[in-house]
Amino acid sequence: MTVGDEARPEVFVLGVATHPPTERHDSMRLEELAYATATAALDDAGVRRRQLDSVTLGASDEVDGRPISSMLLAAPSGAFMTDEVRVADSGATALCLAVARILSGDFHLGLVSSWCKSSKVDVDQVMNAAADPFYTRPLGMSSAVADGLFAQVVSSELGITEGQVAKRVADAFARAAGNPRGMGHAVPTAEDVNRTEYVATPLRDGYRAPFTDGAACMVLASGDWLRLHPEHKPLARISGVGWATDSYGLSRNRLGALSSARAAWSHALRRANLADAQTLDVVELDTPTGFHEAAYVSAFGLEQGQVTPSGGTFAQNPFVCAGLVNAVEATLQVSGRAGPVQRAGVRFAASHGCHGYAQQANTVVVYEGA
């Protein structure tokens with residue numbers, strides 16, 4: 001289908017950027033972090049802020065430590081005198097909303113922006129505040145506890161051993177070490193990983209991706225906008241999007257079925273007219289722990305060679321926007337600009353994001369080289 005084909009609205013990626021991650025961004029305010037990343041994405045796309053007709057933000061008031069954080073962050077993200085909406089779930093969810101806005105036909109050039117200073121808060125404490133106030137919050141429910149319950153169920157149902165998880169984590173760190181957009185963490189051995197302490201059995205501290213500070217932005221354009229601006233060449237076409245949210249409860253069935261992940265995955269592939277996982281060259285997974293990678297690889301039917309060449313969360317893990325970082329990495333793969341972690345001959349890639357207790361909600365976006 002050609003750019004501007006009126007039979008079916010299309011969405012293209014014009015530019016992307018991630019901010020260099022750090023363990024702690026003490027030298028920059030959130031406003032500066034958002035501004036710098038949005039500016040880099042607009043420069044990559046070759047467009048100016050005044051050309052935008054929409055901005056979609058993905059940010060959490062609780063993690064930002066500010067009530068209605070977007071009041072301060074919208075303008076530096078590019079939304080001064082421009083239509084703006086925000087979702088609190090994740091940067092990956094913001095991308096899905098931005099795609100929907102362009103497909104509506106009401107918007108044609110938009111910016112997606114997400115940021116996170118994980119270092120400024122205790123993420124587990126923030127997640128505890130999201131728990132049921134009468135039953136689970138007083139018990140100390142947190143992301144670590146929920147991920148531990150998730151690990152118990154998937155290790156039992158899928159036969160995942162601690163040795164397999166430790167190897168996955170070591171391999172992810174090794175891939176991440178080659179990513180210039182990552183932290184450059186030291187690469188542990190599987191034995192190193194398995195010597196770390198348990199945080200919620202069978203989840204060891206070494207199985208968890210380290211949190212970082214960072215930001216990510218993407219510039220999206222409609223096919224009609226590109227037809228009117230032929231001097232701009234897109235990096236990728238977004239050919240399929242899927243998202244789903246599962247039950248808030250943490251029953252064995254909810255944890256082991258991975259229903260929202262499977263639903264988001266199948267919806268995205270169907271909308272992209274792809275038969276199965278093997279038609280994808282690269283899949284950038286959002287994996288808070290090594291157990292998540294093992295579970296998603298099984299649920300999606302992936303081969304290990306397809307999985308997260310960037311290193312994913314083990315390269316950088318800004319809590320709220322890790323899924324949007326994956327979207328940037330997938331776009332770089334299909335456009336041949338991923339640098340040292342580039343895979344050869346990538347035509348189709350997918351990015352995945354998850355959020356909530358133990359992967360309650362999932363998003364999947366499919367990209368085709370343009």
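Heads up: the structure comes first, above all this text.
Residue indices follow the written sequence of each chain, beginning from 1 at its first position. With pLDDT at 70 or above as the cut-off, local features in this predicted model cover only qualifying residues; side-chain atom pairs require 80 or more to be listed or tallied, and sums for whole chains, interfaces and linings still use all residues. As a rule here, side-chain values come from all non-hydrogen atoms in the structure, and water together with hydrogens is ignored.

1. A short note on the overall build of the protein
Then, number 1: In this text, helices come from DSSP runs of H or I with a minimum length of four residues, and strands from runs of E with a minimum of two, each type numbered from the N-terminal end. When its secondary structure is counted, the protein shows 14 helices and 11 strands.
Then, number 2: As defined in this context, the radius of gyration uses C-alpha atoms, and a globule is described by 2.2 Å times the residue total to the power 0.38. For the protein, whose C-alpha radius of gyration is 19 Å, the value lies close to the compact-globule estimate of 21 Å for 370 residues.
Then, number 3: For the protein, the C-alpha atoms occupy an extent of roughly 55 × 45 × 35 Å along the three principal directions.
Then, number 4: Each residue is placed in one exposure class: buried if its accessible area under a 1.4 Å probe, protein chains only, is under 20% of its type's maximum, exposed if it is over 50%, and partly exposed if it falls in between. The buried share among the 370 residues of the protein stands at 58%.
Then, number 5: Looking at the protein as shown, the accessible area adds up to about 14500 Å², and 53% of this sits on carbon and sulfur atoms.
Then, number 6: The positive count covers Lys and Arg only, the negative count covers Asp and Glu only, and His and the chain ends enter neither. For the purpose of locating charges, the reference atoms are NZ of Lys, CZ of Arg, CG of Asp and CD of Glu. Of note, the protein has its 30 positive side-chain charges centred 2 Å away from the centre of its 40 negative side-chain charges. Per-residue and other accessible areas follow the Shrake-Rupley method at a 1.4 Å probe size, with only the shown protein chains counted as cover for residues.

2. With respect to the pattern of salt bridges
Then, number 1: Any carboxyl oxygen of Asp or Glu that lies within 4 Å of a side-chain nitrogen of Lys or Arg is treated as forming a salt bridge with it. Within the structure shown, the criterion is met by 19 salt bridges.
Then, number 2: For Asp 171, the salt bridge goes to Lys 167, with nearest N and O atoms at 2.8 Å. Taken as a pair, Asp 171 and Lys 167 lie in helix α8 (residues 162-177) at a separation of 4 residues, close to a single helical turn.
Then, number 3: Asp 192 serves as the salt-bridge partner of Arg 195, at 2.6 Å between the closest nitrogen and oxygen.
Then, number 4: On the accessibility criterion, Arg 195 (60% relative accessible area) is exposed.
Then, number 5: Of the residues examined, Asp 192 reaches a relative accessible area of 32% and is grouped as partly exposed.
Then, number 6: Counted as one network, the salt bridges with shared partners bring together Glu 10, Arg 237, Arg 347 and Glu 368.

3. Considerations on a nonpolar patch on the surface
Then, number 1: Put simply, a patch holds well-exposed residues, over 30% relative accessible area, that have no salt bridge, with like charges counted together within 9 Å and Val, Leu, Ile, Met, Phe, Trp or Tyr side chains within 5 Å. Together, Ile 68, Met 71 and Leu 72 line one region of the surface with nonpolar side chains, adding up to about 330 Å² of accessible area.
Then, number 2: Structurally, Met 71 can be placed in helix α3 (residues 70-73).

4. Considering the pairing of strand β1 (residues 11-18)
Within a regular strand, the side chains alternate between the two sheet faces.
Then, number 1: For β1, a buried count of 8 out of 8 residues is recorded, marking the element as mostly surrounded by other parts of the structure.
Then, number 2: In the sheet, β1 pairs with strand β7 (residues 213-222) via 7 bridges, with the strands oriented antiparallel. In the strand pairing of β7, Gly 15 is matched with Val 219.
Then, number 3: A pair of strands is labelled paired if DSSP reports no fewer than 2 bridges between them. Examined bridge by bridge, β1 and strand β8 (residues 236-245) share 3 bridges and lie antiparallel to one another. Residue pairing in the sheet places Val 11 in a bridge with Ile 238 of β8.

5. Remarks on the nonpolar core
Then, number 1: Nonpolar cores were defined as sets of buried Ala, Val, Leu, Ile, Met, Phe, Trp, Tyr and Cys residues, with membership established by side-chain atoms within 4.5 Å. Ranked by internal contacts, the top residues of the largest apolar core, which has 49 residues, are Trp 265, Leu 280 and Leu 302.
Then, number 2: Listed by contribution, the elements that provide at least two residues to this core are α6 (123-129), α7 (143-158), α8, α12 (259-271), α13 (290-300), β10 (348-355) and β11 (361-369).
Then, number 3: Top element by residues in this core is α13. It accounts for 7 residues.
Then, number 4: Any two residues whose heavy atoms approach within 4.5 Å at even a single point are treated as in contact. Setting aside anything within four residues of it in sequence, one finds Leu 302 in contact with Trp 265, Ala 277, Val 283, Leu 285, Val 297 and Val 307.

6. Section: the pairing of β8
Then, number 1: Among the 10 residues in β8, 8 count as buried, and that is most of the element.
Then, number 2: Note that β8 and β11 share 9 bridges and pair antiparallel. The residue of β11 that forms the bridge with Thr 245 is Ala 361.

7. Observations regarding the sheet that holds strand β4 (residues 109-117)
In sheet architecture, strand pairing relies on hydrogen bonds along the backbone and comes in two forms, parallel and antiparallel.
Then, number 1: Read across the sheet, 9 strands follow the order β3-β2-β4-β7-β1-β8-β11-β10-β9 without closing on themselves; strand pairing throughout is mixed. Lying at the two open borders of the sheet, with one neighbouring strand each, are β3 (84-87) and β9 (282-284). Here the strands of the sheet are splayed against their neighbours by 25° on average, with no regard to which way each runs.
Then, number 2: In this fold helix α14 (residues 322-334) packs onto β1, β4, β7, β8, β9, β10 and β11, with an angle of close to 175° to the strand it touches most, β10. Between N-to-C directions, angles cover 0 to 180 degrees, with each direction set by a line fitted to C-alpha atoms, over the stretch in contact for helices.

8. A closer look at the packing of α12 against α13
Then, number 1: Contact geometry of α12 with α13 gives a least axis separation of 10 Å together with a crossing angle of 50°. With respect to α13, the element α12 is oriented oblique. Crossing of α12 against α13: the hand is right-handed. Along the contact surface, α12 presents Ala 261, Arg 262 and Trp 265, while α13 presents Tyr 296, Ala 299 and Phe 300.
Then, number 2: When grouped by side-chain class, the residues that make up the contact of α12 with α13 number 5 nonpolar, no polar and 1 charged. Roughly parallel covers angles under 35 degrees, roughly antiparallel covers those over 145, roughly perpendicular covers 65 to 115, and oblique covers all other angles. By the definition used in this description, the sense in which the near helix is turned from the far one sets the handedness, with an anticlockwise turn below a right angle giving left-handed and a clockwise turn giving right-handed. Just so you know the grouping, Ala, Val, Leu, Ile, Met, Phe, Trp, Tyr, Cys and Pro go in nonpolar, Asp, Glu, Lys and Arg go in charged, and all remaining residues, Gly too, go in polar.

9. A word on the environment of Leu 258
Then, number 1: Residue position: Leu 258 is located in the loop between α11 (252-257) and α12.
Then, number 2: Counting along the chain gives 43 residues from Leu 258 to Gly 301, while the straight-line C-alpha distance between them is 13 Å.
Then, number 3: With residues up to four places along the chain from it excluded, the contact list for Leu 258 reads Phe 150, Val 154, Ala 295, Tyr 296, Ala 299 and Gln 359.

10. Focus: the side chain of Ser 310
Then, number 1: Along the chain, Ser 310 turns up in the loop between α13 and α14.
Then, number 2: Pairs of N or O atoms are called polar contacts if they sit within 3.5 Å, as long as, within protein, a hydrogen donor faces a hydrogen acceptor (for residues adjacent in sequence, only side-chain-to-side-chain pairs). Within polar-contact distance, the side chain of Ser 310 engages the backbone nitrogen of Gly 312 at 3.0 Å.

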